[in-house]
Amino acid sequence: MDWLQKIGYHLYRTFVEKDRYMAFLKGIGTTLEISFFAVLLGTAIGILVAVVKHMAKNHRFLHPLEWLLDAYVLVVRGTPVYVQLLILNTVVFASVQNKILVAVITFGINSGAYVAEIIRAGINSVDKGQFEAGNSLGLRDGTVMRLIVLPQAVRNILPALGNEFVTLVKETSIAGTMAVNDLTKAAERVGGATYDLYTPLLSIAVIYFVMVFGMTRLLNWFERRLAKSDNR
Amino acid sequence: MITVKNLEKSFGMHQVLRGINETISQGEKVVVIGPSGSGKSTFLRCLNLLERPTGGEIWFEGKLVTDQKTDISLLRQKMGMVFQQFNLFPHLTVLENITLAPVTLKLQTKQQAQDNAKRLLERIGLWEKAQAYPGQLSGGQKQRIAIIRALAMNPDVMLFDEPTSALDPEMVGEVLALMKELAKEGMTMVVVTHEMGFAREVATRVLFMDEGKVLEQGPPDSFFGHPQHPRLQDFLSKVL
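About the thresholds
Residues numbered from 1 in each chain as written. Chains lettered and ligands numbered in written order. Predicted model: local features only at pLDDT ≥ 70, side-chain atom pairs only at ≥ 80, totals over all residues. Heavy atoms only, no water. 1 Å grid on protein atoms, 1.4 Å probe; cavity = no way out; pocket = protein on both sides within 12 Å on 5 of 7 lines; lining within 4 Å. Points joined across faces, edges and corners; volume = space filled by probe spheres on them. Helix = DSSP H or I, 4+ residues; strand = E, 2+ residues; numbered from the N terminus. Nonpolar A, V, L, I, M, F, W, Y, C, P; charged D, E, K, R; others polar. Contact = heavy atoms within 4.5 Å. Buried area = accessible area lost by both parts, 1.4 Å probe. Salt bridge = Lys/Arg side-chain N within 4 Å of Asp/Glu carboxyl O. Buried < 20%, exposed > 50% of the residue type's maximum accessible area, 1.4 Å probe, protein only. Pairing = 2+ DSSP bridges. Right-handed = clockwise from strand over helix to strand, strands pointing away. Axes fitted to C-alpha atoms, helices over the stretch in contact; angles between N-to-C directions. Parallel < 35°, antiparallel > 145°, perpendicular 65-115°, else oblique. Core = buried A, V, L, I, M, F, W, Y, C linked by side-chain atoms within 4.5 Å.

(A) Quick look at empty space enclosed by the protein. All names here are of chain B. Counted under the stated rule, the structure contains one cavity of 30 Å³ or more. Empty space within the largest cavity amounts to approximately 40 Å³. Of all the elements, strand S6 (residues 79-82) adds the most residues to the lining of the largest cavity, at three residues. For the lining of the largest cavity, a count of residues per class yields six nonpolar, three polar and one charged.

Next comes the structure, spelled out in structure tokens:
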């Protein structure tokens, strides 16, 4: 029973002693906060970029904007998210004190590029006849997009979108390199105090896994619910 | 009601419509026939600007459809269209399919639109399908619902783009029957079709298109009885 006692001791030191579990709880809170708002921002950017790029097919005046958006997607996808975080934190938003906000913006902008590509694929997967039917009823392009095309597009791309959200949650683990006390940073700090890094790091691995697992279950449930009305 | 002047349409180098002049009056039922690739569908789709013409003018109820400044959405509200592939919205119920446009465009309240949809669905005997999704319906049911979805906007003209071409043979009859009813009620109709029987029975005028031009037109009796143009004679000998 020696090893069991050992594990118990390490867990006690990591979580219970000096109420260190509070650091983990706060870390989980920060990680979820960054993830949640970054997903919102990323989705908003992604939809906007995808819709503008789609509309640019028929509207010549949008072409310069389309060029700009292509460049955005290309740059974000072509550079590491860690480098993006460093640039935004130390160069662009150097004077911003709220580092959580910087993290949300960074991960939102990063995710937006990926979401845009996913949604673009979703829009392309919707039959052209759906646009035409909507237009022929007198609905404007924006209304057709919002009420007819996007609902069908999102249903088609839900698995890919879910994947992107899961990736985003895990990527936020680098936010701690700025002065943000997310879950990963909490583990490092506790490990520094107890001179034991194994226990907190293995612990947060489990915590991340549980969070992602829960998200996956939620997304699967959502997918099934949408599929119920889907008798195509 | 609809006036078409020297209408032209090219896709890249390929010219599909080569100068079409046509006037369609209120209450007319114009049936357009012709071999595939003749431009008849393109002609129809130009009328509500699903295809933007590359030359010529289209007038609808005194407004220049082809003018860049014209709000085409407003004109489309008065031009119902029925497609070969039905194009019902698969994520919405039958009832929502019918009420979506009039409610979204604030032409009718939700209650009015639903009452109207109920009346239309009862008329075609499909009220019990109001809560069903399009995927649960047969082709003939889908197309009849697509027709009343267009009717729910109270259009002044109905455009039909090969409405029976994608249907199983046993379902063609029910769709044509509904179209004949509409014709009897005085609806102005422009129909692109391969159904010669329908053309004979319903049309007030038949147009024959080939290679982007209207080669011959006339009332069905003389059109089918005494075709003048050799291309039309050839075409009819193949399809009749």
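(B) Spotlight on the interface of chain B and chain A. Counting residues at the interface gives 26 residues for chain B and 22 residues for chain A. Summing the contributions of chain B and of chain A, the shared interface buries around 2,100 Å²; its carbon and sulfur component is 61%. Among the residues chain B hides against chain A, the three largest losses belong to Phe89, Pro90 and His91 of chain B. Together they make up 27% of the total. The tally of links between chain B and chain A comes to two salt bridges. Here Glu132 of chain A and Arg45 of chain B are joined by a salt bridge, their closest N and O atoms 2.6 Å apart.

(C) Fine view of the pairing of strand S7 (residues 157-161) of chain B. Residue and element names in this part refer to chain B. Of all the five residues making up S7, five are buried; the element is thus mostly covered by neighbouring parts of the structure. Where burial is concerned, the two faces of S7 agree: the one with Val157, Leu159 and Asp161 and the one with Met158 and Phe160 are both buried. With four bridges connecting them, S6 and S7 associate as parallel partners. When the bridges of S7 are listed, Gly80 appears paired with Met158. Note on the crossover from S7 through helix H6 (residues 169-184) to strand S8 (residues 188-192): the handedness is right-handed.

(D) Main features of the pairing of strand S3 (residues 29-33) of chain B. Residues and elements named next belong to chain B. In terms of residue burial, S3 counts as a mostly covered element, since five of its five residues are buried. Both faces of S3 are covered, namely the face carrying Lys29, Val31 and Ile33 and the face carrying Val30 and Val32. Relative to S8, S3 runs parallel, the two being bridged by four bridges. By the bridge assignment, Val31 is partnered in S8 with Val191. For S3 and strand S9 (residues 205-210), the ladder comprises four bridges, and the chain directions are parallel. From the neighbouring strand, Ile33 faces S9, where its bridge partner is Phe208.

(E) Region of interest: the packing of helix H2 (residues 21-55) of chain A against helix H8 (residues 183-194) of chain A. Residue and element names in this part refer to chain A. At a minimum axis distance of 7 Å, the contact between H2 and H8 shows a crossing angle of 155°. If you check the angle between H2 and H8, you find them roughly antiparallel. Across from Ala23, Phe24, Gly27, Ile28 and Thr31 in H2, the residues of H8 making contact are Leu183, Ala186, Ala187 and Val190. Counted by class, the contact of H2 with H8 contains seven nonpolar, two polar and no charged residues.

(F) Region of interest: the nonpolar core. Ranked by internal contacts, the top residues of the largest apolar core, which has 78 residues, are Ile123 of chain A together with Ile2, Phe43 and Leu47 of chain B. Once residues lying within four places of it in the same chain are set aside, the contact partners of Ile2 of chain B are Glu22, Thr23, Ile24, Leu47, Ile58, Trp59, Phe60, Met79 and Val157 of chain B. In terms of nonpolar packing, the next biggest core, distinct from the first, is built from 49 residues, Val172, Leu182, Phe208 and Phe223 of chain B among them.

(G) Representation of the pattern of salt bridges in the model. Residues and elements named next belong to chain A. Applying the stated criterion across every chain, the model contains 22 salt bridges over all chains. Measuring nitrogen to oxygen at the nearest pair gives 3.9 Å for the salt bridge that ties Glu117 to Arg77. Separated by 40 residues along the polypeptide, Glu117 in helix H5 (residues 99-125) and Arg77 in helix H3 (residues 63-78) bring together distant segments of the chain. According to the relative accessible area criterion, Glu117 is buried, its value standing at 17%. Judged by relative accessible area, Arg77 falls into the partly exposed class, the value being 44%. Between Lys128 and Glu132 there is a salt bridge, with its nearest N and O atoms 3.4 Å apart. In this pair, Lys128 and Glu132 both sit in helix H6 (residues 128-136), four residues apart, roughly one turn of the helix. A relative accessible area of 11% places Glu132 in the buried class. Within this structure, Lys53, Asp70, Arg77, Glu117 and Arg120 form a network of salt bridges that share partners.

(H) Highlighting the environment of Thr93 of chain B. Residues and elements named next belong to chain B. With respect to the secondary-structure elements, Thr93 resides in the loop between S6 and helix H3 (94-104). Sequence separation of Thr93 and Gly135 is 42 residues, and the distance between their C-alpha atoms is 9.6 Å. The residues contacting Thr93, other than those within four sequence positions of it, are Ala130, Gln131, Ala132 and Tyr133.

(I) Molecular detail of the sheet that holds S9 of chain B. All names here are of chain B. With mixed pairing, six strands are arranged side by side in an open sheet as S6-S7-S8-S3-S9-S10. One side of each edge strand has no neighbouring strand; the edge strands of this open sheet are S6 and strand S10 (213-218). Each strand of the sheet is rotated relative to its neighbour by a mean of 20°, with strand direction disregarded. Where helix H1 (residues 40-47) meets the sheet, it contacts S3, S6, S7, S8 and S9, and its direction lies at approximately 150° from that of S7. This element, helix H9 (residues 230-239), spans S3, S9 and S10 of the sheet and lies at about 100° to S9.

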